[in-house]
Amino acid sequence: MSEHLHPTDIISTVEFNHSGELLATGDKGGRVVIFQQEQENKTQSHSRGEYNVYSTFQSHEPEFDYLKSLEIEEKINKIRWLPQKNAAQFLLSTNDKTIKLWKISERDKRPEGYNLKEEDGRYRDPTTVTTLRVPVFRPMDLMVEASPRRIFANAHTYHINSISINSDYETYLSADDLRINLWHLEITDRSFNIVDIKPANMEELTEVITAAEFHPNSCNTFVYSSSKGTIRLCDMRASALCDRHSKLFEEPEDPSNRSFFSEIISSISDVKFSHSGRYMMTRDYLSVKIWDLNMENRPVETYQVHEYLRSKLCSLYENDCIFDKFECCWNGSDSIVMTGSYNNFFRMFDRNTKRDITLEASRENNKPRTVLKPRKVCASGKRKKDEISVDSLDFNKKILHTAWHPKENIIAVATTNNLYIFQDKMN
Amino acid sequence: MLGRGLKRKLSDYEENVAGLSSAFDSSRNLPYPLKRQLVLNMCLTKLQTYKMLVEPNLHRSVLIANTVRQIQEEMRQESSQPINVCTGITPSSHSYTGMESSGISLQLPSGISQQESNCCDLRSFPENTGLKLEDDRQDLKGAECVFGSFEISNSTSYLKDLAIDDIFEDIDTSMYDSDFCCPPLMPPRPPPICRTDLSELDHIMEILVGS
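Residues numbered from 1 in each chain as written. Chains lettered and ligands numbered in written order. Predicted model: local features only at pLDDT ≥ 70, side-chain atom pairs only at ≥ 80, totals over all residues. Heavy atoms only, no water.

Asks: Is there a simple way to explain the pattern of salt bridges in this structure?
Replies: Pairing is possible between side chains that carry opposite charge, provided their charged atoms lie close to one another. All names here are of chain A. Per the stated rule, a full pass over the model turns up 30 salt bridges over all chains. Close ionic contact of D27 with R31 constitutes a salt bridge, the shortest N to O distance being 3.3 Å. Of the residues examined, D27 reaches a relative accessible area of 5% and is grouped as buried. K289 is paired through a salt bridge with E251; the nearest N and O atoms lie 2.8 Å apart. Here K289 is found in strand β22 (residues 287-292), whereas its partner E251 is found in the loop between β19 (247-249) and α1 (262-266), with 38 residues between them in sequence. Relative accessible area serves as the criterion here: at 17%, K289 is assigned to the buried category. Here the salt bridges do not stand alone but share partners, grouping D9, D27 and R31 into one network. (Salt bridge = Lys/Arg side-chain N within 4 Å of Asp/Glu carboxyl O. Buried < 20%, exposed > 50% of the residue type's maximum accessible area, 1.4 Å probe, protein only. Helix = DSSP H or I, 4+ residues; strand = E, 2+ residues; numbered from the N terminus.)

Pasting the structure below:
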């Protein structure tokens, strides 16, 4: 795989648009950086176009909530693209409290030859105008502009963890720890609450919402995952307030794996529907699970991401790593799933061949344009050459965010400070 | 590494926790009650730290609180003393109010040693010392600062006074001590409110009625 490296601020979200031509990243500083794939170079048919910076803009600023005396972080939690309807691109970006709809448009022509204005913008004295001319559009250097078109604010008491655009392309949901709201993209002054798990007495709170997503094809169906390792599928046709689920997905716990940390590691950090809509994938601390929507009592496939960490849970609890929220993603054909791990490792699981691979996103260990070498972690006992022992893993180097191009074998992997884009080597 | 030692300062305590968690992970010979106590202490320390934050992470707080509750439930069942049940509250209730009203908390018979009372604090967690405000008020009070009236009582003294060996001593004695596990049946009463809460309540009432 060839590699393209972009140093940035701490990346907090990565998302390809529907065609894969654009890749958006959000960072801790509230900025959105969009990369665009170069058009394929006919002479260099052995590689697809590289991704270069297309647009950078400040999406969110830090705010202060005077009522609660709290600072609201500008960190971008999620970005979701709308499908393209015209020349402009639209995306939703959200921090803990506010969702914004951004329009990204190109300008490559500008009008010249005004009668009442000089070229630099100064107004001409009308009395000096002796002849009239018609302004014409002349080409200019491409300028990409981002402008906020809608701001959806003040609907969440708790921290927003997910946004998901409905397949009707008119509505979207936003989820925080305890509630899920439904919005219309055109309407910013109100939203409809569709899930509320806040107990009347907050002391009775034992479960929070961790992620939510609309079904890719059924505009009435969405799922949300919880900190107790359950996923609820809701049908908005059943009732206005979807507090009662249509389906509850939960796998009974394996008693041999029981520990003090069982509940913590069962908390689901991400849920993603397959492109087909037939399956959904969940990520908990140690594994990735694939669920068939028709079967609620257990997943159809389970992949261990880093089972060697099971014997280290107390240390990982002590340093808070056990709370890290890893995301997961499908490839375009739903045949491979990918997720991140520690030491800048990321893992891919081929659902058909049942093979898996561990790769590393790191400047030191990979020269650009070389094929990535598979990695292996040695859990215990004798360490073979090129293997890495569990104790020498760097838990500060975590890959939480990964994305897969919707059509091609191009992946984006975010380490703490760098964005890596890997491409399949075309033969 | 785990032998009896001198009383240590708080910073040493934290370093010891780090050493203990690796010991937890690597040693198969650590007795289960010891492991459990270690995890419980780590949980309470974290919650204590979160309490000092303006806006603790709700997700983490819920997970840690559930872990504490689970451990305490296990410890209580192990002690196999008959649970003191106040009218209307069942021992199997999973709510915090259920737990703390089951007779173990707050009213310590005099004569209990400091050590045992610290252990008692762990078991009476979370103590319902806060105001019982309505939900909106709790939200306004920044109840992303978890659960509204969720408090650890005497927490500072717990951390400073407890030395490493004291934690281990607790396991053998006070948990199984029948003196405080089974106080005589009390008539049902509302959870006692501390003095500070009363004055806060008065203060708020003053503001509301504008007197």
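Asks: Just to check I follow, could you spell out helix α3 (residues 58-79) of chain B for this structure?
Replies: Turn by turn, an α-helix covers 3.6 residues, leaving residues three or four places apart pointing in a common direction. All names here are of chain B. Between the first and last C-alpha of α3 there are 31 Å, a value that for 22 residues agrees with the 32 Å anticipated at 1.5 Å per step. The backbone nitrogen of H59 has a side-chain oxygen 3.0 Å away, supplied by the residue at the start of α3, namely N57. Immediately beyond the C-terminal end of α3, within one or two residues, lies S80, with a positive phi of roughly 45°. (Expected span 1.5 Å × (residues − 1). Polar contact = N/O pair within 3.5 Å; in protein donor to acceptor, adjacent residues only side chain to side chain.)

Asks: Teacher, can you tell me more about the side chain of S164(A) here?
Replies: Residues and elements named next belong to chain A. As for its position among the elements, S164 is in strand β12 (residues 162-165). You can call S164 buried: its relative accessible area is 5%. For S164, the side chain forms a polar contact with the main-chain nitrogen of F214, separated by 2.8 Å.

Asks: Honestly, the UniProt feature "domain: SERTA" (unreviewed entry) in chain B in this entry has me stumped. Any pointers?
Replies: In this structure's numbering, the residues bearing the UniProt feature "domain: SERTA" (unreviewed entry) are residues 32-79 of chain B. What you have in residues 32-79 of chain B is 90% helix and 0% strand, and the ends, taken at the C-alpha atoms, are 15 Å apart. (UniProt positions renumbered as here; feature names shortened; annotations may be inferred.)

Asks: What exactly am I supposed to notice about the interface of chain A and chain B here?
Replies: Many authors give the size of an interface as the accessible area that is lost as the parts come together. At the interface, 42 residues of chain A touch 43 residues of chain B. Buried surface at the junction of chain A and chain B, both sides included, amounts to about 3600 Å², of which 57% is carbon and sulfur. Scanning the region where chain A abuts chain B turns up two salt bridges. Residue R60(B) pairs with D320(A) through a salt bridge whose shortest N-O separation is 3.2 Å. (Contact = heavy atoms within 4.5 Å. Buried area = accessible area lost by both parts, 1.4 Å probe.)

Asks: Explain the pairing of strand β8 (residues 78-81) of chain A to me, please; I cannot follow it from the model alone.
Replies: Looking along a regular strand, one sees the side chains alternate between the two faces of the sheet. Residues and elements named next belong to chain A. Here β8 shows a buried face lined by K78 and R80 and a second buried face lined by I79 and W81. With four bridges joining them, β8 and strand β9 (residues 89-94) adopt antiparallel strand pairing. The partner of R80 across the bridge, within β9, is L92. (Pairing = 2+ DSSP bridges.)

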